[in-house]
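# What the coordinates show
Listed here are the chains, written in short residue letters.
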Amino acid sequence: MKNFVDCSFITDFKDPTSLFLIDCRFDLFNESLGYNSYKESHIPNAFFLDINKDICGSPQIHGGARPLPDKNTLQSKLSSIGIDVNSTIVVYDEKIYSSPRAFVQLKYMGYKNVYILNGGFKAWKDNNLPVTNKIPSFSSAHKLNLSSTDNIICDINYVKKSIKDNDIVLVDSRDNSRYTGEIEPLYKKHGHIPSAINIPWHNNIDKNGFIKDLNIIDKNFSTLKNKEVITYCGSCIEACVNYALLDELSYNVKTYIGSMSDWISYDENDVESMF
């Protein structure tokens, strides 16, 4: 697989000095849970990056609840860890949930060798591999020259144009109850972006946090073949799970970073609800 690796990728890596592990555990409703879990135990030599404070930027009036961060700030933090353009980076969370957002952000910034740990920290522990509460030290930052990969993400203007384009499919990656508008725990408007279909992210992840067989995932996405796909969710966490899987299967895919939280920040934008 090109985007996902298992625990043996880490344990068998030939040059550990060029391998960097990023713990990005995260809970949508408890912002301190990720770092508290990291301090308690994590994979040895893993650094922690906070989804809200490091991987994502601060929310403004528009741009979504978790917009792109300041690239220079994040790049400086990554270089202080020791990461350069040729480093191998493995991101992980408890299973598979938030780590794909880090994956998308790093790939967008131009880091080439970025992977998601299949099964996450749970898989590491289930394999009886060592854990620690020791936090590794940072070094001094160094200047990097990276080129953004712009075809990974898109903005609201691109999404607006896509709604009437039969060759582009919007995929709402949230639970079906949020897509239909039956339930909305976070935002003032219920429902989804007009024309969007619903393929919940968790339909492609098994109960232990591993991606399902790629043939099964391909069937789940079969209606999207020969189309351009834009994934979104509430704040572009769950959308990145579907992005990473679609990219794994070589679909033509982008993710809308602003997602629903950006879409509804404009009063003139319509929202479709089934309730």
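An unreviewed UniProt entry lists the protein chain under the name Rhodanese-like domain protein, with Paraclostridium bifermentans ATCC 638 = DSM 14991 given as the organism.

Here we take up helix α10 (residues 238-248). Within α10, 11 of the 11 residues are buried, which leaves the element mostly enclosed by the surrounding structure. Three or more residues of α10 are buried, namely E238, A239, C240, V241, N242, Y243, A244, L245, L246, D247 and E248. Phi turns positive one or two residues past the end of α10, at S250, with a value near 65 degrees.

Let us now look at the nonpolar core. V91, Y111 and L224 are the most contacted members of the largest nonpolar core, which totals 54 residues. Contributions of two or more residues to this core are made by β2 (19-23), α3 (51-55), α4 (71-81), β4 (88-92), α5 (99-109), β5 (113-117), β7 (168-172) and α10. The element best represented in this core is α10, accounting for 7 residues. Split by domain, this core shows at least three residues from each of two domains, domain 1 (4-127) and domain 2 (153-264). Apart from the residues lying within four places of it in its own chain, the contact partners of V91 are I22, C24, S99, A102, F103, L106, Y115, I116 and L117. Membership of the second largest hydrophobic core comes to 15 residues, among which are V159, Y187, A196 and I230.

At N45, a position not held by glycine, the phi torsion is positive, near 75 degrees. Phi at S250 is positive, roughly 65 degrees, even though this residue is not glycine. In this structure, S250 sits in the loop between α10 and β10 (252-256). Assessed through its relative accessible area of 58%, S250 is described here as exposed.

Attention now moves to the packing of aromatic side chains. Under the defined criterion, the tally for this structure stands at 9 aromatic pairs. With a centroid separation of 5.1 Å and an interplanar angle of 75 degrees, the aromatic rings of F47 and F138 are classed as edge-to-face. With F47 in strand β3 (residues 47-48) and F138 in the loop between α6 (120-126) and β6 (153-154), this pair connects stretches of sequence that are 91 residues apart. Pairing F221 with Y251 gives two aromatic rings, centres 6.2 Å apart and planes at 65 degrees, and the pair type is edge-to-face. Here F221, found in the loop between α9 (214-220) and β9 (228-232), pairs with Y251, found in the loop between α10 and β10; they are 30 residues apart in sequence, far enough to count as distant. With relative accessibility at 0%, the residue F221 sits in the buried group. Linked through ring pairs, F9, F13 and Y115 together constitute an aromatic cluster. Just above the ring of Y266 sits the side chain of K160; from NZ or CZ to the centre is 5.7 Å.

Contact geometry for α4 and α5: axes closest at 12 Å, N-to-C directions at 100 degrees. Classified by the angle between their axes, α4 and α5 sit roughly perpendicular to one another. Packed against α4, whose contacting residues are K71, L74, Q75 and L78, the element α5 presents Q105, L106 and M109 at the interface. Of the residues contributing to the contact of α4 with α5, the split by class is 4 nonpolar, 2 polar and 1 charged.

This brings us to the pairing of β9. Counting buried positions along β9 yields 5 of 5 residues, so the element is predominantly enclosed. Of the two faces of β9, the one lined by E228, I230 and Y232 and the one lined by V229 and T231 are each fully buried. Sheet topology note: the β9/β10 ladder contains 4 bridges and is parallel. Bridge pairing in β10 places V229 opposite V253.

Looking now at the domain arrangement of the protein chain. When its domains are assigned, the protein chain resolves into domain 1 (4-127) and domain 2 (153-264). For domain 1 and domain 2, the distance between their C-alpha centroids amounts to 21 Å. Contacts between domain 1 and domain 2 engage 26 residues on the former and 26 residues on the latter. In total, domain 1 and domain 2 occlude about 2,100 Å² of area from one another, counting both sides; carbon and sulfur atoms represent 71% of this. Viewed at the interface, domain 2 and domain 1 are joined by 0 salt bridges.

What follows deals with the sheet that holds strand β8 (residues 197-198). The 5 strands are arranged β6-β10-β9-β7-β8 in an open sheet whose pairing can be described as parallel. Single-partner strands in this sheet number two, and they are β6 and β8. Bridge analysis of β7 against β9 gives 5 bridges, and the strand direction is parallel. The residue of β9 that forms the bridge with L170 is I230.

Criteria and thresholds
Residues numbered from 1 in each chain as written. Predicted model: local features only at pLDDT ≥ 70, side-chain atom pairs only at ≥ 80, totals over all residues. Heavy atoms only, no water. Buried < 20%, exposed > 50% of the residue type's maximum accessible area, 1.4 Å probe, protein only. Helix = DSSP H or I, 4+ residues; strand = E, 2+ residues; numbered from the N terminus. Core = buried A, V, L, I, M, F, W, Y, C linked by side-chain atoms within 4.5 Å. Domains from an automatic or database assignment. Contact = heavy atoms within 4.5 Å. Phe/Tyr/Trp six-rings, centres within 6.5 Å; stacked < 30°, edge-to-face > 60°. Lys NZ or Arg CZ within 6 Å of the ring centre and 35° of its normal. Axes fitted to C-alpha atoms, helices over the stretch in contact; angles between N-to-C directions. Parallel < 35°, antiparallel > 145°, perpendicular 65-115°, else oblique. Nonpolar A, V, L, I, M, F, W, Y, C, P; charged D, E, K, R; others polar. Pairing = 2+ DSSP bridges. Buried area = accessible area lost by both parts, 1.4 Å probe. Salt bridge = Lys/Arg side-chain N within 4 Å of Asp/Glu carboxyl O.

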